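Close look at the chain arrangement
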Amino acid sequence: MSKKAASIDMTAMCDVAFLLLTFFILTATAKVPEALPVDTPASTVQTKLPESDLATITVGKGKVFFGVTGREVRKRTLELMGKKYGVAFTPEEAEQFALIESFGVPIEGLKSVIAMKAADRNKKDLQPGIPKDSLNNQLKEWIYNARIATDEQDHKDLSIAIKGDAKEEYPAIRKVMDILQDQKINNFNLVTGLRGKNF
């Protein structure tokens, strides 16, 4: 008997592959570029940060950036800060601010950052950082008001994470820790990059 070469129809396999590819492309969310990119120190600890009720303080290049999860919490925090510093924000500005994950400007310059497009906000050296001096400690006020807003909105305590650059000098991180300890916050997370156990 003569033997014929077997042929496999790959049409169905290609259809499935392209359907899966299309599904993953359409459902994926693009990673928002960070306003202050930092190179975190390495660690072997694998503890995950909470998904909600979290404030992240990013320290790097002599600047401090602040961000809090939850749109309603962000809006309420902005409202409380506006009252504290006498800066009025419109409802449209509050909605835009609720979309910003982290920022690093004094409250007086926040309106101009809110008015920018998302891509323009993350340009290098555009945001000078949140003041943390003893005379103008706006970082302390952002943390305090974010804690109040989280308690009002979610009836939970706000978790704090410090994300410091590995090349940053220790006194800059220590100053942030002192601000937290002044508010009786002694339990906070330090964000690190994962490395293998063989070092």
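Structure's up top.
Structure report, in brief.

Another aspect to go through is helix α2 (residues 71-85). Taking 1.5 Å per residue as the helical rise, α2 with its 15 residues ought to reach 21 Å, and the 21 Å between its terminal C-alpha atoms agrees with that figure. Listing the buried residues of α2 in full gives V73, R74, K75, R76, T77, L78, L80, M81 and G82. Close packing links the buried residues of α2 with β3 (63-68), α3 (91-97), α4 (110-115) and α6 (138-154). Just downstream of α2, G86 is the residue with a positive phi angle, here 70°.

With that settled, consider unusual backbone geometry. Of note, H155 is a non-glycine position whose phi angle comes to about 55°, a positive value. Its location among the elements puts H155 in the loop between α6 and β4 (159-164). One non-glycine residue, K184, adopts positive backbone phi at about 65°. Along the polypeptide, K184 turns up in the loop between α7 (170-182) and β5 (189-190). Look at K184 and you get exposed, because its relative accessible area is 69%.

For α7, spanning 13 residues, the distance from its first C-alpha to its last is 18 Å, which sits close to the expected 18 Å at 1.5 Å a residue. Along α7, the positions that sit buried rather than exposed are A172, I173, V176, M177, I179 and L180. Each buried residue of α7 lies within a common arc of 155° when the element is viewed along its axis, so the set occupies one face. Every exposed residue of α7 that faces more than 90 degrees away from the buried side is listed here: Y170, P171 and D182. For α7, the secondary structure elements touched by its buried residues are β2 (54-60), β3, α6, β4 and β5. Count one or two residues on from α7 and you reach K184, which has phi positive near 65°.

The next thing to look at is the environment of L190. Looking at where L190 falls in the secondary structure, it is placed in strand β5. Remark: the alpha-carbon pair of L190 and I162, spanning 28 residues in sequence, is separated by 4.9 Å.

Moving on, we get to the pairing of β2. By the criterion of burial, β2 is predominantly enclosed, with 6 of the 7 residues buried. In this sheet, β4 lies alongside β2 in parallel orientation, the contact comprising 6 bridges. Bridge pairing in β4 places A55 opposite I160. Two elements, β2 and β3, share 6 bridges in a ladder whose sense is antiparallel.

The rules behind these values
- Residues numbered from 1 in each chain as written.
- Predicted model: local features only at pLDDT ≥ 70, side-chain atom pairs only at ≥ 80, totals over all residues.
- Heavy atoms only, no water.
- Helix = DSSP H or I, 4+ residues; strand = E, 2+ residues; numbered from the N terminus.
- Expected span 1.5 Å × (residues − 1).
- Buried < 20%, exposed > 50% of the residue type's maximum accessible area, 1.4 Å probe, protein only.
- Contact = heavy atoms within 4.5 Å.
- Arc of directions from axis to C-beta.
- Pairing = 2+ DSSP bridges.

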